[in-house]
Amino acid sequence: MDTATLALVHAILEERGIRRAAKASGRPPASVSAALKRFEAAIAVPLVRRERGNLVPTLEAQSRMVDLAAANAAIQLLLQPTTQLSHEVFQQAPSSPQRGEGGPQGRMRGTASSKISERVLSSPHVRLALLPAGEKGETIANAPYSTSVRPIPSISLTALERFVAVAHSGSIRAAAKASATGQPQLTRQMNDLERDLGYTLLIRSPSGIACTVEGLAAVPVIENLLEIWRRLSRASGDRFRRAAATWRFGSVMPLGPESEIARMLAALTAKWHRARPRQPLFVSSTTADELIAGLKNRRFDVVLLDLETFPSEFEGRLISRTPLALAGHPSLFAKHGDDIAALLQSHPIAVPSLKSGLRQQAAHFIEATLTEQERNRLTLTEVDSIPVILNLVMDHGYLSVLPESSAARVRHPPAMLRLGPGYMQSLSLAWQKNALSRQVAEAMLGMMLAEHTSDIANARD
């Protein structure tokens, strides 16, 4: 990980967009986008999702905003040259700290050095960078430092960690030995670090290494930055270990607890736990578009789609085809009789978003039933929650297109008019084209279809 990536990710989340973050940070949009991908790969969680062309932070991103803001504050503070940081914090500091007392903490002993320590800790800039993560909040948003006009340099956290080791040991040779790094390599790394920061960190002399005033001020800020990254990476490491043993199953949203999809998912979860207790199964519900995207980026291993066809880059199998029906309160059908066109135009229609396969079928039905002028007068309400749609249908005078068999199972089913043989909800299982995914998907399919076959037999009886 490096400073530029941390700062750019913070900018993306603050600005809510790649291009806005690029403009604010003075970097090309491609570099900003690459930084986001690097960070997401490093912490093993997505930080943003796209909604209507905008980037929206995920809940995981929001939970990390305090740490990211703290990291950005520390990075900005590190980039302050002597004109601000050292002048404000160390204007009374001695020009050449003495070597031989065990690193920067040792050098801060004594009367003059105690004044340095007090000024370091009393500076608002340093206090800001050293605040515990839970205390930053609005303080960071109103940080007293000024943003650097030049792009944030890409300084690896490894280089910063090695500088701290050099500062504490007071010797390039000792730090190189401790980090299993060649002494010439470490020397070059410290020179590059000073070049990127724009000020001198270390005083070299025949008798050894000592920190400059600016280097001494940088040590606690860097240590805090490293601790922030350890928190982020430690959480992602735990998550990665759990995720490596977890199979992730994505599904379209069930109609309700009695629906076909809900029954299949419950059967899969229970049977999987009994058959593979050491391999947890994570089940998540969302729209068909999100499931396909999740399968592409391997956020899901297997997905259940409400589509008959799926991208050719995946393997899959059609599980079932269920007739669709126009659903509404019984009084609406009694009022309009067989005039479906008048019924559709007289009442609002609740449908899932275009990301859903069910919405595509509803759109086909409406297009086949109404003229373009009639369709333009419709009132369509998009709701990506089937239980909410059911409540709109039963309690608020809405119409909707729903799977007939699943809607019939709810406690107070709506009145339904079957749409015809051309309108079906198709459920398909899809997975990546590899032997392991195929094996796991077939096992899941067997667990799901056993329950589904039983439901069909009961329905026939």
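Treat the numbers as computed from the prediction; the structure is a model and nothing was measured.

With that out of the way, let us pick up the overall build of the protein chain. The number of helices and strands found in the protein chain is 22 helices and 13 strands. Burial status across the protein chain gives 48% buried among its 461 residues. At a minimum sequence separation of 6, the contacts of the protein chain that also span at least 24 residues come to 72%. As displayed, the protein chain offers around 22,500 Å² of accessible surface, 51% of which is attributable to carbon and sulfur atoms.

Here the focus is the packing of helix α10 (residues 157-169) against helix α12 (residues 183-197). Contact pair α10 / α12: the axes reach a minimum separation of 10 Å and the direction vectors enclose 110°. The orientation of α10 relative to α12 falls into the category roughly perpendicular. The segment α10 lies against α12, with Ala159, Leu160, Arg162, Phe163 and Val166 engaging Gln185, Leu186, Gln189, Met190 and Leu193. When grouped by side-chain class, the residues that make up the contact of α10 with α12 number seven nonpolar, two polar and one charged.

This next bit is on the nonpolar core. Core analysis: the largest hydrophobic core is formed by 60 residues, its most contacted members being Phe39, Leu47, Leu78, Phe163 and Leu225. A total of 10 residues in this core trace back to one element, the largest contributor, which is helix α13 (residues 213-244). Setting aside residues no more than four positions away along its own chain, leucine 225 makes contact with Thr3, Leu6, Ala71, Ala74, Ile75, Leu78, Leu157 and Leu160. The next biggest cluster of nonpolar side chains, apart from the first, holds 34 residues, and it includes Ile349, Ala350, Ala362 and Tyr423.

A few words now on the packing of aromatic side chains. For any pair of aromatic rings, the description rests on two quantities: the centre-to-centre distance and the angle between the ring planes. Applying the stated criterion across every chain yields a total of two aromatic pairs. When the centroid spacing of 5.7 Å and the interplanar angle of 85° are considered together, the rings of phenylalanine 365 and tyrosine 423 count as edge-to-face. Taken together, the positions of phenylalanine 365 in helix α18 (residues 357-369) and tyrosine 423 in the loop between β12 (415-418) and β13 (424-432) put the pair 58 residues apart, joining distant regions of the chain. On the basis of relative accessible area, phenylalanine 365 is assigned to the buried category, the value being 8%.

Interhelical geometry of helix α2 (residues 18-25) versus helix α3 (residues 29-43) gives an angle of 110° and a closest axis separation of 8 Å. In terms of axis orientation, α2 runs roughly perpendicular to α3. Once α2 is placed against α3, the crossing between them reads as right-handed. The segment α2 lies against α3, with Ile18, Arg19, Ala21, Ala22 and Ser25 engaging Pro29, Val32, Ser33 and Leu36. Tallied by class, residues from the contact of α2 with α3 come to six nonpolar, two polar and one charged.

With that out of the way, let us pick up helix α4 (residues 59-78). Relative to the 28 Å expected for 20 residues at 1.5 Å per residue, α4 spans 29 Å between its end C-alpha atoms, a close match to the ideal helical length. Its axis deflected by about 45° at methionine 65, α4 carries its strongest bend there.

With 15 residues, α3 extends 21 Å from end C-alpha to end C-alpha; this agrees with the ideal 21 Å at 1.5 Å per step. Every buried residue of α3 is listed here: Val32, Ala35, Leu36, Phe39, Glu40 and Ile43. Down the axis of α3, the sector holding all buried residues measures 130°, keeping them to one side. Opposite the packed face of α3, turned more than 90 degrees from it, sit the exposed residues Ala30, Lys37 and Ala41.

We now examine unusual backbone geometry. For arginine 298, which is not glycine, the phi dihedral falls at a positive 65°. Residue placement: arginine 298 occurs in the loop between α15 (288-296) and β7 (302-305).

As a further point, take the environment of valine 302. By the element assignment, valine 302 lies in strand β7. Spatially, the C-alpha atom of valine 302 lies 8.3 Å from that of valine 440, the residues being 138 residues apart in sequence. Apart from residues no more than four positions distant in its own chain, valine 302 is found in contact with Arg248, Phe249, Gly250, Leu295, Leu429, Ala430, Trp431, Ala441 and Met444.

Our next topic: the confidence of the model for the protein chain. Here the protein chain shows a mean pLDDT of 77. Residues at 70 or above account for 79%. Within the protein chain, the lowest mean pLDDT, 38, falls on helix α7 (residues 111-122), and the highest, 94, falls on β7. Confidence drops under a pLDDT of 50 for residues 453-461, and excluding neighbours within four residues, the segment shows two contacts in the predicted structure.

Next up on the list: the side chain of aspartate 306. Considering the arrangement of structural elements, one finds aspartate 306 in the loop between β7 and β8 (314-328). There is no salt bridge for the buried aspartate 306, and the closest opposite charge comes from arginine 359, which lies 11 Å off by N-O distance. Engagement of the side chain of aspartate 306 in a polar contact is seen with the backbone nitrogen of glycine 357, the distance being 3.2 Å. In this structure aspartate 306 touches Val252, Ala288, Ser356, Gly357, Leu358, Gln425, Ser426 and Leu427, once residues within four positions along its chain are discounted.

Our next topic: the side chain of arginine 162. Mapping arginine 162 onto the fold places it in helix α10. Buried and unpaired, arginine 162 has glutamate 161 as its nearest opposite-charge partner, separated by 6.8 Å. Setting aside residues no more than four positions away along its own chain, arginine 162 makes contact with Ser179, Thr181, Gln185, Leu186, Gln189 and Met190.

Judged from the four bridges that link them, strand β3 (residues 202-205) and strand β4 (residues 208-211) form a sheet pairing that is antiparallel. Note that in β4 the partner of leucine 202 across the bridge is cysteine 211.

Bringing the environment of alanine 11 into the picture now. Among the secondary structure elements, alanine 11 is positioned in helix α1 (residues 3-15). Owing to a relative accessible area of 14%, alanine 11 belongs among the buried residues under this scheme. Taking the C-alpha atoms as reference, alanine 11 lies 7.6 Å from alanine 24; in sequence the two are 13 residues apart. Beyond its immediate chain neighbours, meaning those up to four positions away, alanine 11 contacts Arg16 and Ala21.

Cut-offs used in this document
- Residues numbered from 1 in each chain as written.
- Predicted model: local features only at pLDDT ≥ 70, side-chain atom pairs only at ≥ 80, totals over all residues.
- Heavy atoms only, no water.
- Helix = DSSP H or I, 4+ residues; strand = E, 2+ residues; numbered from the N terminus.
- Buried < 20%, exposed > 50% of the residue type's maximum accessible area, 1.4 Å probe, protein only.
- Contact = heavy atoms within 4.5 Å.
- Areas by Shrake-Rupley, 256 points an atom, 1.4 Å probe, with all protein chains shown as cover.
- Axes fitted to C-alpha atoms, helices over the stretch in contact; angles between N-to-C directions.
- Parallel < 35°, antiparallel > 145°, perpendicular 65-115°, else oblique.
- Nonpolar A, V, L, I, M, F, W, Y, C, P; charged D, E, K, R; others polar.
- Core = buried A, V, L, I, M, F, W, Y, C linked by side-chain atoms within 4.5 Å.
- Phe/Tyr/Trp six-rings, centres within 6.5 Å; stacked < 30°, edge-to-face > 60°.
- Left-handed = near helix turned anticlockwise from the far one by under 90°.
- Expected span 1.5 Å × (residues − 1).
- Bend = angle between axes of the 7 residues up to and from the residue.
- Arc of directions from axis to C-beta.
- pLDDT = per-residue confidence, 0-100.
- Lys, Arg positive; Asp, Glu negative; His and termini not counted.
- Salt bridge = Lys/Arg side-chain N within 4 Å of Asp/Glu carboxyl O.
- Polar contact = N/O pair within 3.5 Å; in protein donor to acceptor, adjacent residues only side chain to side chain.
- Pairing = 2+ DSSP bridges.

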